[in-house]
Structure formats: structure tokens, C-alpha cells
Amino acid sequence: MGYKAKFRVWRGDAGTGALQDYEVEVNEGEVVLDVLHRLQATQANDLALRWNCKAGKCGSCSMEINGRPRLGCMTRMSVFSPSETLTITPMRTFPVIRDLVTDVSFNYEKARQIPSFTPDASVKPGEFRMMQQDVNRSQEFRKCIECYLCQNTCHVIRDHAENEAAFAGPRFLMRVAELEMHPADTADRRDIAQEDFGLGYCNITKCCTEVCPEHIKITDNALIPMKERVAGRKYDPLVWLGSKISRRPKSEGTPVAVRPAAKDAT
Amino acid sequence: MSSDGSSDNIERYSFDVVVIGAGGSGLRAAIEARARGKKTAIISKSLFGKAHTVMAEGGAAAAMGNANPRDNWQVHFRDTMRGGKFLNNPRMAELHAKEAPDRVWELEAWGALFDRTAEGKISQRNFGGHEYPRLAHVGDRTGLEMIRTLQQRVVALQQQDAASLGDPDAMIRVFAETTITRLVKDSSGRIAGAFGYIRDTGRFVVFEAPAVVLATGGIGRTFKVTSNSWEYSGDGHALALLAGASLLNMEFVQFHPTGMIWPPSVRGILVTESVRGDGGVLRNSEGKRFMFDYVPDVFRDQYAETEEEADRWYTDPDNNRRPPELLPRDEVARSINSEIKAGRSSPHGGVFLDVSSRLPAEEIMRRLPSMHHQFKELADVDITAEPMEIGPTCHYVMGGVEVDPDTGASSVPGLFAAGEVSGGMHGSNRLGGNSLSDLLVFGKRAGDGAADYVDSVSASRPAADEAELTDALAEAIAPLSRTDGENPYTVHAELQQTMNDLVGLIRRAPEVKQALTELEKFKERAAHVAVAGGRAYNPGWHYALDLRNMLLVAECVALAALEREESRGGHTRDDFPAMSPEWRKVNLVLSLSGEKLELRRKPLPPIRPDLLALFERSELKKYMTDEELADLPASEPAGPASESASESESGSASESESKEKGH
């Protein structure tokens, strides 16, 4: 093989930026990240981009390639024709830091709000007994490499920053589902999934599943079953009656979403 | 820009313990320091949760005995010493074998979901050099499970602190995308903190703290064909040297036998040893399972001699010997290299690793999902239908900071190290699976050691020498101020090629000498690289600063490789192919004197009699000198000494060890 590819790469920072045209050599078997590295080493030494493992295991090199959210390391050049111009832009949902690097702190904030794994305190380390069929489902969700492509693509926040406060996004709704389905977890996160993490905003368009590089069935296996569990709780007549008669607070038996105090500017 | 050079522009933080590195050992150390009530910072070179630990595939070795009840810490200790060719620090190997099960079970209590046995316990898989199935695992993505569990444990602790102290960052705070370029000390030579930059804006920062734990991982980025990411530039190794600590075992670099070789852009990416643990075999271009030809004498008794026996072992390990594909990594890597050199290589210059003819497709998909995914997506190879092409790739450095086995303390007061950046645990060759458990065991111990140290200096906390900060800042800013220098990417690429060619898997004195000459030229070039652009997220600048570290560790590897005139583990000398009992007694220790690296020989700590008694005399004969054997007690004790006896003996052993450290 070996040809010169046309790349249009977004360069800029939080203030301004524009697409810049480059011609970069491409060799057999290369992925988009290889070509960006060559561009960086030979023509644009200061091109900002994230990467680590180069094998689809760390989820660092998330970007949009011709408008589609993808990992640069798992997108082979052979899927494009040599005459095609590749447009490389940063993830659109998150604020740009520089070039292809975005500020993904939104995700770390959401992660900190989800009540953590809560095992039965009487079970000592080494004494957990769980069957493979009972851990399969949560294991699927724990394949997540936190590339945030699902967060980036979800239309609830992609073009609606105003929803960010009320919506945790597919990755973290899946984290709630993972803990809910964890056989050794004792907490009940059904109410907060709906009320604090915005499960109801999801209208199962499955965009998240489509872009997941780990091929996790986010919508079918995490979000829809969570919706069913939430609905089951809400419309269970006994739960409804109990909540009316005893007027117990909604958080009983349910951890409250953890809202950290506002951080200092630094 | 004129104000940039002033130390007034440095952002300042104060902590009790600063952990540099956010992989397995760093996070485990930080969790422990926080548990001990110490205000702790985690400095992560990448985003939180992306550390190199996510790349670990196979599992964490821990003698829990879930798969085979005969397993115990003594067997694990024995395997570790054999794998390291008896050059391991025996106390570290002992602590590791004893404590690994508790560290793995602890992860489960923090939410980790390992694969299960039929009784619902943690499943354990076979791996090279381990006598019994021992690796706790999650398919072939165990490292990801470990990093995520530790990351989520940090978050759980932050939630507790938010509830009780009103601030999630009160006791444990993560600084993502932050690189440390210098450790700073006080006027009496104690650690006083760490200086670096935060990537997004490039602003400078100092973390003032009496204790620093290095958990920075390895050096693989110094070599061209590597399974390691850009982060592995030997930062902690270099920071330790520059602060006055010493490194040992730097000649021992592990070339993992199975890296991808095709297409060229993925060359070096790891193919997990689990492929072989689960039945995969190595074949040359003639279709021959060649590993049977390469079983060395020291392992002859433990490995099968025929394909039939090897194949029976998978289902009946008690009555058959292990397949030679599961020899320790150094042996397998050298054997593959020999086949390639003999002209029996696969089309792209490697050998074949085949699991497709050994297991049903569904079983491969279940046990090795991420390998299937990786080959399908990157090489267009379906590993359930055809063999993979593989070859050796630089994977791990056994060498690292010389530490006290029990506490992780280096010779510099306040400086600790754990995980890949520390040395001694794995001797001359690390067994697969012993890294993830190493991170947990010694990460915890270093966190404890740092907490104890902080308590001991509470009356006189060290204050950073301001002149050191000014120097650190000037050093960091220098590449940006040069306008007509070389491009750091070019210098780095050529350095990688040189190390690969001249100090790689097989070494020869003239080539290593040539490498040392080349390294002098690289140093000169690196001192003059120029970087365009500013400080905000500028990878060119980051590369330029990392070069100093890579050049230092490259020189350490080359100096030690030239000195050690034998072949052992991750150090193969073509001109000295045999393993020498005399050299087994020697550690090569490197330290900086001014700008010059000094190498000295130091005796290995002795193996306690109760630990020696775990081996047959006939096996020790293969490793030890006649004098050492003469000193062995004539009648060997039947079993290991009691716990309490061994603890007290080891105390005195580590005391004499620390006295030997000449600084």
C-alpha cells in the first residue's frame, strides 16, 4: 500500500479553532491513530491528542472521525478509500482543551455521585460465593473502558448541555445497573436512578450501544432492564401503599446520591 | 512570559503522602495511606483509570487453592524463585506469596467480579511457571478489572470523606494528567515533595510532602518493539536516581514471547499468555511444536517430553508434566528467537501461536474475548479459525529502585517505591501473573511504610529547598525556549531503534559498548531539542522532558548488561551463554554521582534456611556454588519453619541489608 492521505484535523483551544488540512503518509495495516502520530512527529509536533494502549483497552483516544465517534486506535485506515479526506474532530459533547483533547471531568463528577458497592458487612473478604451465571451480566458492564464515546453520542446531552445536571449518561446509568445486578451488593439504587441520574431521559434510541467499542449492549442489557426495575418498584401496589401509609422518606432503603461539596477553583 | 521563570508562579499543595502513579500499585498505596489517616495525593500521568495496569490480561497470581487445594504460599514462593532463577530478593518473594491471596480477596470486597469456580469461588487459571492453576482472572481483561476496582474504591473513600468532612478531596485527591519532573528535598537530604506540570495548561505545580511513593511503572518506551504505552518512560527510575536512590537488576528486561507482529503498526502489542495457559501451542513454519526442543536442564523434570503427555496435562495435571509452552517467559522468548534465526519463521518473521485447532470456537470466545477482538479488529485474523503470528516484545523491567522489602523504603529518607518501578521481587525474570499481585502486596506495604515514616517526622516536617524548585522549573521550561534544535520525536525514535538493535533480547559485548557510545550522542542531542508552541497540552514538550528519563534508564540497562557476563532470565549474553552460580550471588547496583552513573556489585541477601528447605538439594545444585552448597545444613528440615520464627529471622536479615547500602 503506502499512499498520502488527506486529513482535516481540528486545531485550536477553548477559545477558537479551525480545521487544518494535512497530507500524511499511510502504510499497510495502519489505524487512524498511527497516521495522527506520524502527523504529530513530522508536521505538527504540538498536536494535542490522548492515547495510551493502542489496543482498544484503555479508552483514551476517543475522537470523531468523519463525524462518527470512534477510537483512533481501533479504526483501520483500510476502511477508507485512499482518495477520501478524513475529518478528525474532538468529541463534540465535551469542552475542548486543545486540538483533539477535551475536558471530560463531567464523567468523573457523575462517577462520584453514584453510591458505591455496598456488600453485606458481615461477609469477610475471601468468603464471597457467587456463581458465574450470576456475575455474567455485571461482568459485561465492567468491560467498559470509559472511552466516553457513549456519553459523547447520547443526544440527551450532545446538544443539550442544560440536561447535564439531571442526566448521568449511558456510561453511569450502566454503572448503576452493574451495581444493581451485582450479586453481592445490598443497596437499592432504583429511585435515584430515575430521580437523580435521569434514567427517564433515555428514550432507548440505542446510539450508545452503536458506538461502544467494547460492543456492550448498553441499552438492551443495562438501560431497559433498569427501566423495568424502576417501573416495577413504582407501580408495585405494596410499595405504593407502604409509601402512603407509613409516609416513610423516599430514601429509606435507598442510598442518597452523593453530592460532593463544590470544589475550589483549582 | 518573563514571569514564567520565577518560582512564584508555581501552584502549591501540601500533603502527607504523594503517590506518583495511578496504576495498581499507586492506587493501592494511596488507599492504604488514606486508611492510615494520611492526607494523600495521587498523581496520574494520564486520565484517572487509564494507567498501564489496564493492559494486563492474564490475571493475578495468588495461592488461594481454589482450583487445586495443594497450592499454598510455599509452592508459589518456590515457583517465583525458579522463575527469577534464584536472583529474587527472597524476602520479597516470600511476602508476595504469603499476602497475595488476602490482597485479591480484598478486591472482591471492594466490588471486583472475578470469574468463578463451580462452587462460586474465584476461578484460577494456569500460567507459565506456576505449578498449579493460580491466576485470579476476568476473561483476558484482568488488569482493567483491577484498575476499575481500585479506582472505584478511591471514589468510595472520597464519598465517605464528603459525608464526614464535607469535601471529597479532603483526604485523597487525584491530580489527573499531571507529570512529575523532579523530586525536591530539604537541606538535610530528606524528601520534601515533588515538582511537575499539569498538562491542560502546562502550569507548574509542587506537592510538598514528607513522603513520596514512586509507582510509575516501567521503561518499555525506551525500546522500539514494546507492549508498553507512551507513559512507560522510566520516570520513577530516573526520579529516584536523580534524588540519590539506587537501582538494581537493570540488566533484566523481560521480552514477552508473544507480541503481535503483523501488521507493522501493531507490532509489539501483547498477546496474553493465557492463550498458552488455555491450550494454545507454538509452531514453526514446518508445523512443528518446537518448544519440546528447548526445555533447559533446570526445568527438565517439570516439563513434558511428548505432545501426548503435554496434552494430557490440561485435564490431568496431577499425573502428567506441563507442556513446554508454559515455561517461564524468558525461555519461551529465546526459543522463538532461535526458531526465527534458524529460518523457520512465519510469513511475517515470527512463529505461529495456534489455539484454533485446540479449542472449540465458543470456548475461545469465552476465555479469550479481548484477544479475539484485538486480532479481528487490528489484524483481520479470526483466532478461532487460524493461527496468530507472534514474536517477542519488550514488556517489563525486572530492575528498579532498591527498596526495603517490608516497607518499600529506598535509601533516601521519605522516598518509597512499589510495583514495576521497584526492583528485587522478580529476580532475573518475572512470572506472568506475579505483576498484578506484586502491585497489590507491595502497593499496600509502601502505603503503610510511607504512613509510618510520616508519623516519625511529624515533629520536623521537611521544607522544600527553594533553590531546587527554581532549578526544576528552569529545567522544565528549557526545551520551549530553544528555537533551533532537533525535533524530540526524531531523537526518541532513533533511541528506540538503537536500544532494540543493540541491547535487546540477545546481547553481545561489542554491541552493548556501541550502544553506550551512541547514548552519549543521544544525550547531547536531547540537551538541544527544541519544541514549538506553548505549554498548554503540548505533546512535543512532554516528549522532550521524557527524553531525560529514557536516556538515563537506557544507560542503566546497557551498563548492567555489559557488566553481567552470564545469561540468566531477562539477560541473555550471546558471548556468555551459560548461567553462572558465581554471578547468582551478585546484584548490580546503579546510582548517580554528579552526572555520572556508577555501577557496583553487591551480594544478594541470603535465602533463609526455612525457605531454602522448600527446595530439593538437587535443584539448588543447578543454581548455587559448591561453597554455598557446603554451607547448607546436612539434614534438611521437613517443612517450613513456623510463622513466628520466620518473621523474627527476616527482621534481622533486612537490617543487615539496609546497613550495606553505602550512601
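Predicted model, so just to flag it, every value in this text is computed and none were measured.

1. So, the overall build of chain B
When its secondary structure is counted, chain B shows 20 helices and 22 strands. Computed over C-alpha atoms, the radius of gyration of chain B comes to 24 Å, within 12% of the 26 Å expected from 2.2 N^0.38 for 663 residues, which places it in the range of a compact globule. Seen along its three principal axes, the alpha-carbon backbone of chain B occupies a region of about 75 × 55 × 55 Å. Residues counted as buried form 68% of the 663 residues belonging to chain B. Long-range contacts, defined as pairs at least 24 residues apart, comprise 74% of the intrachain contacts of chain B with a sequence gap of at least 6. Of the roughly 20900 Å² of accessible surface on chain B, a fraction of 50% belongs to carbon and sulfur atoms. Separation of charge centres in chain B, based on 75 positive and 98 negative side chains, amounts to 0 Å.

2. Some details on the nonpolar core
One finds Phe7(A), Val32(A), Leu36(A), Ile88(A), Leu183(B) and Leu214(B) to be the most contacted residues of the largest nonpolar core, which totals 265 residues. Top contributing element to this core by residue count: helix H15 (residues 539-563) of chain B, with 15 residues. Apart from the residues lying within four places of it in its own chain, the contact partners of Phe7(A) are Gln20(A), Asp21(A), Tyr22(A), Val24(A), Val32(A), Val35(A), Leu36(A), Met77(A), Leu86(A) and Ile88(A). If you look at the next biggest cluster of nonpolar residues, it comprises five residues, including Leu87(B), Phe252(B), Tyr396(B) and Met398(B).

3. Description of the environment of Gly569(B)
Residues and elements named next belong to chain B. With respect to the element layout, Gly569 can be found in the loop between H15 and strand E20 (572-573). For the pair formed by Gly569 and Ser335, sequence separation is 234 residues and the distance between their alpha carbons is 13 Å. Excluding residues within four positions of it along the chain, Gly569 makes contact with Lys85, Asp330, Arg334, Ser428 and Asn429.

4. Here's the deal with the sheet that holds strand E8 (residues 178-185) of chain B
All names here are of chain B. Here we have four strands laid out as an open sheet, ordered E1-E10-E9-E8, and mixed in their pairing. The two strands at the open ends of the sheet, each matched to only one other strand, are strand E1 (11-14) and E8. This sheet shows a mean twist of 25° between the axes of neighbouring strands, independent of strand direction. One ladder, built from seven bridges, connects E8 with strand E9 (residues 191-198); its direction is antiparallel. Opposite Val184, over in E9, you have Gly193 as the bridge partner. Those strands touched by helix H12 (residues 466-481) are E1, E8, E9 and strand E10 (203-208), and its axis lies near 145° from that of E8.

5. Some words on the domain arrangement of chain B
Parsing chain B into structural domains produces domain 1 (10-252 + 398-467), domain 2 (256-393), domain 3 (479-574) and domain 4 (606-633 + 642-655). Summarising the inter-unit geometry, the C-alpha centres of domain 2 of chain B and domain 4 of chain B are found 35 Å apart.

6. Here we look at the domain arrangement of chain A
Residues and elements named next belong to chain A. When cut into domains, chain A gives domain 1 (3-101) and domain 2 (105-245). Placing a centre on the C-alpha atoms of domain 1 and another on those of domain 2 gives a separation of 31 Å. With 16 residues of domain 1 at the interface, the matching set in domain 2 holds 18 residues. Summed over both partners, the interface of domain 1 with domain 2 buries about 1300 Å², with 51% contributed by carbon and sulfur atoms. Taken as a group, Pro69, Thr93 and Phe94 account for 41% of the area that domain 1 buries against domain 2, more than any other trio of residues on that side.

7. Details of the sheet that holds strand E13 (residues 253-260) of chain B
Residue and element names in this part refer to chain B. The sheet built from four strands is open, its strands ordered E13-E16-E15-E14 with antiparallel pairing. Pairing within the sheet leaves two strands with one partner each, and these edge strands are E13 and strand E14 (281-283). Within this sheet the neighbouring strands show an average axis-to-axis angle of 45°, counted without direction. When E14 meets strand E15 (residues 351-354), the two strands line up antiparallel, connected through three bridges.

8. Thoughts on the pairing of strand E21 (residues 586-593) of chain B
Residues and elements named next belong to chain B. Among the eight residues in E21, six count as buried, and that is most of the element. As paired strands, strand E12 (residues 247-248) and E21 are joined by two bridges and run antiparallel to one another. Among the inter-strand pairings, Leu247 is bridged to a residue of E21, identified as Leu590. Pairing geometry for E21 and strand E22 (residues 596-603), over eight bridges, is antiparallel. Residue Val589 lies in a different strand from E22, and its bridge partner there is Arg600. In textbook terms, the turn of a hairpin is the stretch between consecutive antiparallel strands, and for E21 and E22 this stretch comprises two residues, one of which, Gly594, has a positive phi near 65°.

9. Digging into the packing of aromatic side chains
Tallying each qualifying case throughout the model produces 22 aromatic pairs over all chains. Plain terms: the ring middles of Tyr108(A) and Tyr148(A) are 6.1 Å apart, the flat faces sit at 75° to each other, and that makes the pair edge-to-face. Taken together, the residues span a long stretch of sequence, with Tyr108(A) in helix H2 (residues 105-113) and Tyr148(A) in the loop between helix H3 (132-141) and helix H4 (149-153) at a distance of 40 residues. Of the two residues, Tyr108(A) and Tyr148(A), both sit in the buried class. On the numbers, 6.1 Å between centres and 85° between planes, the contact of Phe299(B) with Tyr303(B) is edge-to-face. The two residues Phe299(B) and Tyr303(B) agree in class, both being buried. One aromatic cluster is present, built from ring pairs that chain together Trp73(B), Phe77(B), Phe86(B), Phe615(B) and Tyr623(B). The ring of Phe15(B) has Lys39(B) sitting right over it, with the charged end atom 5.1 Å from the ring centre. Looking at Arg430(B), its charged tip hangs above the ring of Tyr396(B), at a distance of 4.0 Å from the centre.

10. Details of helix H5 (residues 235-243) of chain B
Owing to its 3.6 residues per turn, the α-helix aligns residues three or four sequence positions apart on the same side. Residue and element names in this part refer to chain B. For H5, a buried count of eight out of nine residues is recorded, marking the element as mostly surrounded by other parts of the structure. If you check which residues of H5 are buried, you get Asp235, Gly236, His237, Ala238, Leu239, Ala240, Leu241 and Ala243. Of the residues flanking the end of H5, it is Gly244, one or two places downstream, whose phi is positive at about 105°.

11. A short note on the pairing of strand E2 (residues 17-26) of chain A
All names here are of chain A. Both strand E1 (residues 3-12) and E2 contribute to a ladder of 10 bridges, which runs antiparallel. Paired with Ala5 across the two strands is Val24, which belongs to E2. Here E1 folds back onto E2, and the loop between the two strands holds four residues.

12. Quick look at the interface of chain A and chain B
With 67 residues of chain A in contact, the opposing surface of chain B contributes 69 residues. Ranking the residues of chain A by area buried against chain B places Lys57(A), Arg112(A) and Arg142(A) at the top, with a combined share of 14%. Counting every contact that joins chain A to chain B gives five salt bridges. Salt-bridge contacts for Glu145(B) lead to Arg142(A); the nearest nitrogen and oxygen are separated by 2.6 Å. The tally of links from chain A across to chain B stands at 43 residue pairs in polar contact (both at pLDDT 80 or more). Residue composition of the side of chain A that touches chain B, grouped by class: 33 nonpolar, 15 polar and 19 charged.

13. With respect to the environment of Ser345(B)
Residue and element names in this part refer to chain B. Mapped onto the elements of the fold, Ser345 is located in the loop between helix H8 (329-341) and E15. The exposure class of Ser345 is partly exposed, given its relative accessible area of 25%. Between the C-alpha atom of Ser345 and that of Glu389, which follows or precedes it by 44 residues, the distance is 9.4 Å. Ignoring anything within four residues of it in the chain, the contact list for Ser345 reads Ser285, Glu339, Ile340 and Gly350.

14. Some remarks on unusual backbone geometry
With an omega dihedral of -5°, the bond running from Trp262(B) to Pro263(B) counts as a cis peptide bond. With respect to the secondary-structure elements, Pro263(B) resides in the loop between E13 and helix H6 (274-277). Positive phi outside glycine occurs at Lys206(A), with the angle close to 65°. Its location among the elements puts Lys206(A) in the loop between helix H7 (190-195) and helix H8 (207-211). If you check the backbone angles, Glu177(B) has positive phi at about 45° while not being a glycine. As for its position among the elements, Glu177(B) is in the loop between strand E7 (172-175) and E8.

Calculation notes
- Residues numbered from 1 in each chain as written.
- Chains lettered and ligands numbered in written order.
- Predicted model: local features only at pLDDT ≥ 70, side-chain atom pairs only at ≥ 80, totals over all residues.
- Heavy atoms only, no water.
- Helix = DSSP H or I, 4+ residues; strand = E, 2+ residues; numbered from the N terminus.
- Rg over C-alpha atoms; globule rule 2.2 N^0.38 Å.
- Buried < 20%, exposed > 50% of the residue type's maximum accessible area, 1.4 Å probe, protein only.
- Contact = heavy atoms within 4.5 Å.
- Areas by Shrake-Rupley, 256 points an atom, 1.4 Å probe, with all protein chains shown as cover.
- Lys, Arg positive; Asp, Glu negative; His and termini not counted.
- Charge placed at Lys NZ, Arg CZ, Asp CG, Glu CD.
- Core = buried A, V, L, I, M, F, W, Y, C linked by side-chain atoms within 4.5 Å.
- Pairing = 2+ DSSP bridges.
- Axes fitted to C-alpha atoms, helices over the stretch in contact; angles between N-to-C directions.
- Domains from an automatic or database assignment.
- Buried area = accessible area lost by both parts, 1.4 Å probe.
- Phe/Tyr/Trp six-rings, centres within 6.5 Å; stacked < 30°, edge-to-face > 60°.
- Lys NZ or Arg CZ within 6 Å of the ring centre and 35° of its normal.
- Salt bridge = Lys/Arg side-chain N within 4 Å of Asp/Glu carboxyl O.
- Polar contact = N/O pair within 3.5 Å; in protein donor to acceptor, adjacent residues only side chain to side chain.
- Nonpolar A, V, L, I, M, F, W, Y, C, P; charged D, E, K, R; others polar.

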